[in-house]
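Examination of the molecular architecture
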Amino acid sequence: PGPVHHMLGSPKTDAYGQSLGGAVQVLAKPRPLKKTLEHDEVLVRMLAVPVDDSMVYAPLKKSGVCLGMTGVGRIEQAGSRVEDLKQEDAVIILPKPTKYSNEKPVGTARTLVPCHEEDVIKVPNEILEELTPEQISLTPIIVCAYTVLEQYGSKLKPGDSVLMNAAHLSASGAAFLQLLKLLKLKPLCILPLPGAPRNLVRGEWGTKSAWQDVDVRSVPTATVRAQYERISENLVNLGAEEVFPDAVALLRWRDRNQRMLPKLALDGIATNESCEQLIHCVQSGDKDAQIVIYGHGAARPIEISPSLLAAWGGKINGFNIARWVHSLSANQKKMMAVMENVTKLVRTNKFLMDTVLYKVGEDAITDSFSRAADPADSTQVVLIFPTLQEELHTSTEEQRKEKERQIQAQEEEAKRRKEEEERDKLKTEWLNLLFTEQSVAAMSPEGPLPVTYEGGDLQTPTNLLVFVGDNPKAENPMLKDLPASIGNSGVLSVSWSQHPAGEAYLEFNLKAPEVVDGSWYLRDRAGFENQDLDLLHDVELLGRSLVETLESRLAEYALDWKNVVIVGFGKGAGIALYASLMKLFPKQIGSMILFSPIVLFPSYLSEKVQSIAKTAPPVTQALKIFAVWGNRNRSTPGTYRQLLAQTLRKVPQVHCTPDTLPEADHSFDMKSVAILQQLITLCMR
């Protein structure tokens, strides 16, 4: 067979992957089965599986475990050594409890279940003719109730009371109530509901103060009260004599009415609290009082205080239907005999089995588990499964959809690849055109950079000192002391940040994480994004605008490009360096002094410089560059400085001398001016 539906459970986990306990998370998913059957195995086509606590609260350790320890189905295939079972025989799967753990059950909640012959019990025809598969699937639950009462209630006389705390939960509670009614015993039911006030008996067993001093002033909400009344009425109709919200209410009722406490209590919730509260509500051990824990509960250990046990002196018994069935070979026949008797009761309307069905693969399976876990809903949830024809149709449909998904994915991948190739082609063309005469910036210049400061000898200067910073308002006042130390040279400050082309670059954040960690500088041609391409275009535009500003001034002062010394800071220094190395200046300038230069993508700069060097005429005059770095400047990390230094070493006729300014961050201040005055003398010799 192909893949069939499996009900898979996964534990709820915290952020560290540790199991949180509680109800499992479920989903229905087609999965393949093993290909061959062993000689002593059978393949069971499942018809119905009851959702009980052992499924809802399965103590799973890993995800994707197929749930279910019991269920009813028909033999689809039998191994060669299987003699007593043939195809289409109806069976109940109920393996030995020692064979499978709660963490990894046999997994009956799937369309086809491979299991051993010893794991199944044949269903007699008498039962098949009378009951539906979902009713037959409740056999272990009903026989559990019958056997518990037979074993532990045999000494009870008609009219005696039996205490229950799970009469409202699923088919087991309903089965106990109806059997107790038939035995003329009086069920007293404790009905704990979520959201109701928790009034607990605390203290010494058998003392009035343990329950009399409990504060019972809290009242339930209208919703909880309505649920309590609805469920209480249903329990009374099934045979309950009295229903109480908690153990405190029961003990107060007993005190008022001078009633005897019951000798037998049935714990179907199976927690510390549930067991403890029942102990307080039964007679003492010397009167043969006992508690039977038959529920799976939330699969947690039950711990009772030794002092409480000693004061009470009764017995706590555990009962497991699968263990009982496999303890004696006669018990399997007895289980079916009990169900035959129940069948007769069903026929005469003396026994009801209220179920709600969820079909795996069609209905919302998470809803079925939520409903099974809801204490306010007493209807037994049963899973039913698709037929093999439906599974085949689903499998074929899934394969068709999977093929369509694959084709669509391939088409989308091809389309994405084509678009990517087109993008890469356009990007490559754009990057190749940048800083050439065919670029957009060369074809559409946006005018010169504005001059924000002029000083020094501007009549007959021998040199021109050009400052390109980032913030003219803060930087220009510091340039006013320079003319005294540079002789008959002129000083200009130009502003790229006040030029229309500098708007996007001005907004770029040098404190961004990718700048501080150096990854932004390390981007290469393959990793460029649209924003990076725009920034390179802006840098070219601003570089050409710088050239345009200087050309008019050099003509005015009758100076050559070799008489120009460019001083730059930050982004402005990067713009000036790009302009120089990309040969945007008509001739080589004299020298450059750069403070904390922000140079876009040194890898691309290196690649472009080598490309230009192949076609440009050889440079005869060396360019001296002084790079001054602030040792606390987080915007120019070490990886970037190292990469830029390597790039500049590869440029012909460029000599770069690095220097470090101690205790300096990313700013142009008076310490920077002091260093500048020393370096100017080296540049103007």
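The structure under discussion appears in the preceding block.
Quick summary incoming for the structure in this document. Computed from a predicted structure; not experimentally measured.

Procedures and definitions
- Residues numbered from 1 in each chain as written.
- Predicted model: local features only at pLDDT ≥ 70, side-chain atom pairs only at ≥ 80, totals over all residues.
- Heavy atoms only, no water.
- Helix = DSSP H or I, 4+ residues; strand = E, 2+ residues; numbered from the N terminus.
- Rg over C-alpha atoms; globule rule 2.2 N^0.38 Å.
- Buried < 20%, exposed > 50% of the residue type's maximum accessible area, 1.4 Å probe, protein only.
- Lys, Arg positive; Asp, Glu negative; His and termini not counted.
- Charge placed at Lys NZ, Arg CZ, Asp CG, Glu CD.
- Patch = residues over 30% accessible without salt bridge, like charges linked within 9 Å, V, L, I, M, F, W, Y side chains within 5 Å.
- Areas by Shrake-Rupley, 256 points an atom, 1.4 Å probe, with all protein chains shown as cover.
- Salt bridge = Lys/Arg side-chain N within 4 Å of Asp/Glu carboxyl O.
- Phe/Tyr/Trp six-rings, centres within 6.5 Å; stacked < 30°, edge-to-face > 60°.
- Pairing = 2+ DSSP bridges.
- Right-handed = clockwise from strand over helix to strand, strands pointing away.
- Core = buried A, V, L, I, M, F, W, Y, C linked by side-chain atoms within 4.5 Å.
- Contact = heavy atoms within 4.5 Å.
- Axes fitted to C-alpha atoms, helices over the stretch in contact; angles between N-to-C directions.
- 1 Å grid on protein atoms, 1.4 Å probe; cavity = no way out; pocket = protein on both sides within 12 Å on 5 of 7 lines; lining within 4 Å.
- Points joined across faces, edges and corners; volume = space filled by probe spheres on them.
- Disulfide = S-S within 2.5 Å.
- Expected span 1.5 Å × (residues − 1).
- Arc of directions from axis to C-beta.

The next point concerns the overall build of the protein chain. Counting its regular elements, the protein chain contains 23 helices and 23 strands. Rg of the C-alpha trace for the protein chain: 44 Å, well past the compact-globule value of 26 Å for 685 residues, more than 25% over. In terms of overall dimensions, the protein chain has C-alpha extents of about 130 × 65 × 40 Å along its principal axes. Counting all 685 residues of the protein chain, 49% fall into the buried class. Measuring between centres, the 75 positive side-chain charges of the protein chain sit 4 Å from its 84 negative side-chain charges.

Further remarks concern a positive patch on the surface. A cluster of basic residues, Lys155, Lys157, Lys263, Lys287 and Lys315, forms a positive patch on the protein surface. Within the secondary structure, lysine 263 sits in the loop between α8 (247-257) and β12 (264-267). Judged by relative accessible area, lysine 263 falls into the partly exposed class, the value being 38%.

Moving on to the pattern of salt bridges. The tally for this structure, following the rule as stated, stands at 28 salt bridges. Across the salt bridge formed by arginine 347 and glutamate 130, the nearest N and O atoms sit 3.4 Å from each other. Separated by 217 residues along the polypeptide, arginine 347 in helix α12 (residues 329-347) and glutamate 130 in helix α2 (residues 125-130) bring together distant segments of the chain. The network of salt bridges with common partners includes Glu413, Arg416, Arg417 and Glu420.

According to the stated counting rule, one finds 15 aromatic pairs in the structure shown. With a centroid separation of 5.9 Å and 90° between ring planes, the pair formed by tryptophan 629 and tyrosine 640 is classed as edge-to-face. Of this pair, tryptophan 629 sits in strand β22 (residues 623-630) while tyrosine 640 is found in helix α22 (residues 638-649), placing the two residues 11 residues apart along the sequence. Accessibility assignment for this pair places tryptophan 629 and tyrosine 640 in one class, buried. An aromatic cluster of three or more residues is present, and its members are Phe508, Trp520, Tyr521, Phe528, Phe601, Tyr604, Trp629 and Tyr640.

Side-chain alternation along β12 places Leu264 and Leu266 on one buried face and Ala265 and Asp267 on a second face that is also buried. With 3 bridges connecting them, strand β9 (residues 161-164) and β12 associate as parallel partners. Its bridge partner being in β12, valine 162 is matched across the sheet by leucine 264. Pairing geometry for β12 and strand β13 (residues 290-293), over 4 bridges, is parallel. Following the sheet pairing, alanine 265 is matched in β13 by isoleucine 291. With helix α9 (residues 272-280) bridging β12 and its parallel neighbour β13, the resulting β-α-β unit is right-handed.

Counting residues in each nonpolar core, the largest one holds 65 residues, and the members touching the most others are Ile566 and Tyr578. Top contributing element to this core by residue count: helix α19 (residues 530-557), with 11 residues. Apart from residues no more than four positions distant in its own chain, tyrosine 578 is found in contact with Phe435, Leu536, Val539, Val599, Leu600, Phe601, Tyr604 and Leu605. Counting 60 residues, the second largest nonpolar core, distinct from the first, contains Ile121, Ile136, Leu138 and Phe176.

Moving on, we get to the sheet that holds strand β14 (residues 315-318). Strand order in the open sheet formed by 6 strands is β11-β10-β9-β12-β13-β14, with parallel pairing between adjacent strands. The strands lining the two open edges of the sheet, one partner per strand, are β11 (242-244) and β14. Sheet twist, expressed as the average angle between the axes of neighbouring strands with direction ignored, equals 20°. Packed on one face of the sheet, α9 meets β9, β10 (186-190), β12, β13 and β14 and runs near 170° to β12.

A separate point is the layout of surface pockets. Of the voids in this model, the second largest pocket is the one considered here, and its volume is about 520 Å³. Around the second largest pocket, the lining is made up of 25 residues, and of these Leu156, Lys263, Leu264, Lys287 and Asp288 lie nearest the centre.

On to the sheet that holds strand β2 (residues 25-31), then. Read from one edge to the other, the open sheet built from 3 strands follows the order β2-β1-β4, with strand pairing classed as antiparallel. Of all strands in the sheet, those bounded by a partner on one side alone are β2 and β4 (65-66). Relative to β4, strand β1 (residues 4-10) is paired through 2 bridges, and the arrangement is antiparallel. Bridge pairing in β4 links glycine 9 to valine 65. Together, β1 and β2 form the strand contacts of helix α13 (residues 365-373), whose direction differs from that of β2 by roughly 140°.

Under the counting rule described, the total for this entry stands at 0 disulfides. No disulfide involves cysteine 66; its sulfur sits 12 Å from that of cysteine 115, the nearest cysteine. Cysteine 656 takes part in no disulfide bond, and the closest cysteine sulfur to it belongs to cysteine 683, at a distance of 12 Å.

Attention now goes to the side chain of serine 161. With respect to the secondary-structure elements, serine 161 resides in strand β9. The class of serine 161 is buried, set by a relative accessible area of 10%. If we skip the residues at most four places from it in the chain, serine 161 touches Lys186, Leu188, Glu241, Arg259, Pro262 and Lys263.

Turning next to the side chain of lysine 571. Tracing the backbone shows lysine 571 in helix α20 (residues 570-581). The charged side chain of lysine 571 is buried without a salt bridge, its nearest counter-charge being aspartate 470 at 6.0 Å. Aside from chain neighbours lying at most four places away, what touches lysine 571 is Asp470, Trp496, Tyr505, Leu506, Phe508, Leu510 and Ile598.

With respect to the helices and strands, proline 114 occurs in strand β7 (residues 112-116). Classification of proline 114 by relative accessible area gives buried; the value is 16%. The sequence separation of proline 114 and phenylalanine 319 amounts to 205 residues, and the corresponding C-alpha distance is 27 Å. For proline 114, the contacting residues outside a window of four places in its chain are Leu33, Lys34, Leu37, Val42 and Leu43.

With 19 residues, α12 extends 28 Å from end C-alpha to end C-alpha; this agrees with the ideal 27 Å at 1.5 Å per step. Regarding α12, the residues found buried are Asn331, Met335, Met336, Val338, Met339, Val342, Thr343 and Val346. Projected down its long axis, α12 shows its buried positions confined to an angular sector of 155°, all on one face. For α12, the exposed residues lying more than 90 degrees away from the buried face are Ser329, Lys333 and Arg347. Against β6 (90-93), β8 (120-122), α2, α4 (139-152) and α11 (321-327) lie the buried residues of α12.

Phi angles above zero are rare outside glycine, and aspartate 288 is one such case at about 65°. Locating aspartate 288 in the fold gives a position in the loop between α9 and β13. A positive phi is found at phenylalanine 435, a non-glycine position, where the angle reads about 60°. Turning to its location among the elements, phenylalanine 435 is positioned in the loop between α14 (388-433) and α15 (440-443).

Position of glutamate 607 relative to the elements: it lies in helix α21 (residues 602-615). Residue glutamate 607 is classed as partly exposed on the basis of its relative accessible area, which comes to 32%. Sequence separation between glutamate 607 and threonine 452 is 155 residues, and the spatial gap between their C-alpha atoms is 34 Å.

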